[in-house]
Structures are given as C-alpha cells and as structure tokens.
Amino acid sequence: MMSDQVRIDPRAVVEEGAEVGAGTSIWHFSHVRSGSRIGKNCIVGKGAYVDIGVVIGDGCKLQNGAMLYQGVTLGDGVFVGPH
C-alpha cells in the first residue's frame, strides 16, 4: 500500500487494528501487530517486528530486524538499532 501519507511495502504485514501515522514508511518483511501504534514520520526497517500493544512515538526509526515486544513504549525521536 502506498499513498501520500503512509508507505507500506506490499511484502510487509500490517494487521488490521494497527495504527500507522502519516508520513511513516514500513519496509519489506516487517510485521506490525494489531493494537500497536506507530507515530508520524517513522521508519520501520526491513524485517522489523512490532508486537501487540507497542506504542512508538513520532519521528522514530527502527533499523532492520529490530524487535519490539508487548509492553514497550518509545517516546518521540527514538532510534532502535539493527537486530
């Protein structure tokens, strides 16, 4: 899915019920679970995993292979390194 607001690679899985903010890009092989929230202008790198209930602030970057599990909340502007 691609629009002016959000870019989701067709090989990514974004479950129904996940919230994705404007300007965010989700790259291939990523998995975003239902009930998670990703803020505006974020980058979710290749193969990243965002579990149920994870909250990600605006302007965050998850590098390739980053994994965020239930209970994690990131503030604005947080960088999560690869793997």
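Higher on the page you've got the structure.
For clarity, every value in this text was computed on a predicted model and none was experimentally measured.

Peer 1: Help me get a handle on the sheet that holds strand 3 (residues 19-20), residues and values and all.
Peer 2: The sheet built from four strands is open, its strands ordered 3-6-9-12 with parallel pairing. A single partner strand is all that each edge strand has here, and the edge strands are strand 3 and strand 12 (73-74). Across two bridges, strand 9 (residues 55-56) lies against strand 12 in parallel orientation. The partner of isoleucine 56 across the bridge, within strand 12, is leucine 74.

Peer 1: I'd like a rundown of the side chain of threonine 24, residues and numbers included.
Peer 2: Within the secondary structure layout, threonine 24 lies in the loop between strand 3 and strand 4 (25-26). Classification of threonine 24 as buried rests on a relative accessible area of 1%. Polar contacts involving the side chain of threonine 24 include one to the main-chain carbonyl oxygen of glycine 39, which spans 2.7 Å. Only 3.1 Å separates the side chain of threonine 24 from the backbone nitrogen of cysteine 42, close enough to count as a polar contact. The contact partners of threonine 24, leaving out residues within four places of it in the chain, are Gln5, Val6, Arg7, Ile38, Gly39, Lys40, Asn41 and Cys42.

Peer 1: An account of the environment of lysine 40 is requested, with residue identities and associated values reported.
Peer 2: Turning to its location among the elements, lysine 40 is positioned in the loop between strand 6 (37-38) and strand 7 (43-44). Each C-alpha atom of the pair lysine 40 and glutamine 5 lies 9.2 Å from the other, and the pair is 35 residues apart in sequence. Lysine 40 has contacts with Gly21, Ala22, Thr24, Asp58 and Gly59, leaving out every residue within four places of it along the chain.

Peer 1: Which residues make up the nonpolar core, and what are the values?
Peer 2: Core analysis: the largest hydrophobic core is formed by 19 residues, its most contacted members being Ile26, Ile38, Ile56, Leu62, Leu68 and Leu74. The contacts of leucine 68, once residues within four sequence positions are left out, are Tyr49, Val50, Asp51, Val54, Ile56, Leu62, Leu74 and Val80.

Definitions and limits used
Along each chain, residue indices are assigned from 1 in the same order as the chain's sequence is written. At least 70 in pLDDT is required for a residue's local features to be given in this predicted model, at least 80 for side-chain atom pairs to be given and counted, and no such filter applies to totals for whole chains, interfaces and linings, which use all residues. To get the side-chain values, take all heavy atoms of the structure and skip hydrogens and water. By definition, two strands form a pair when at least two bridges between them are found by DSSP. Where helices and strands are cited, they refer to DSSP runs of H or I of at least four residues and of E of at least two residues respectively, numbered from the N terminus. Exposed residues in this analysis have more than 50% of their type's maximum accessible area, buried residues have under 20%, and partly exposed residues fall in between, with area computed by a 1.4 Å probe over protein chains only. Polar contact is defined as a pair of N or O atoms within 3.5 Å, subject to the rule that within protein one atom must be able to donate a hydrogen and the other to accept it, and that residues adjacent in sequence are counted only when both atoms are side-chain atoms. When checking whether two residues touch, look at their non-hydrogen atoms; a contact exists if any pair is within 4.5 Å. As used here, the term nonpolar core means buried Ala, Val, Leu, Ile, Met, Phe, Trp, Tyr and Cys residues forming a set that is joined through side-chain atoms within 4.5 Å.

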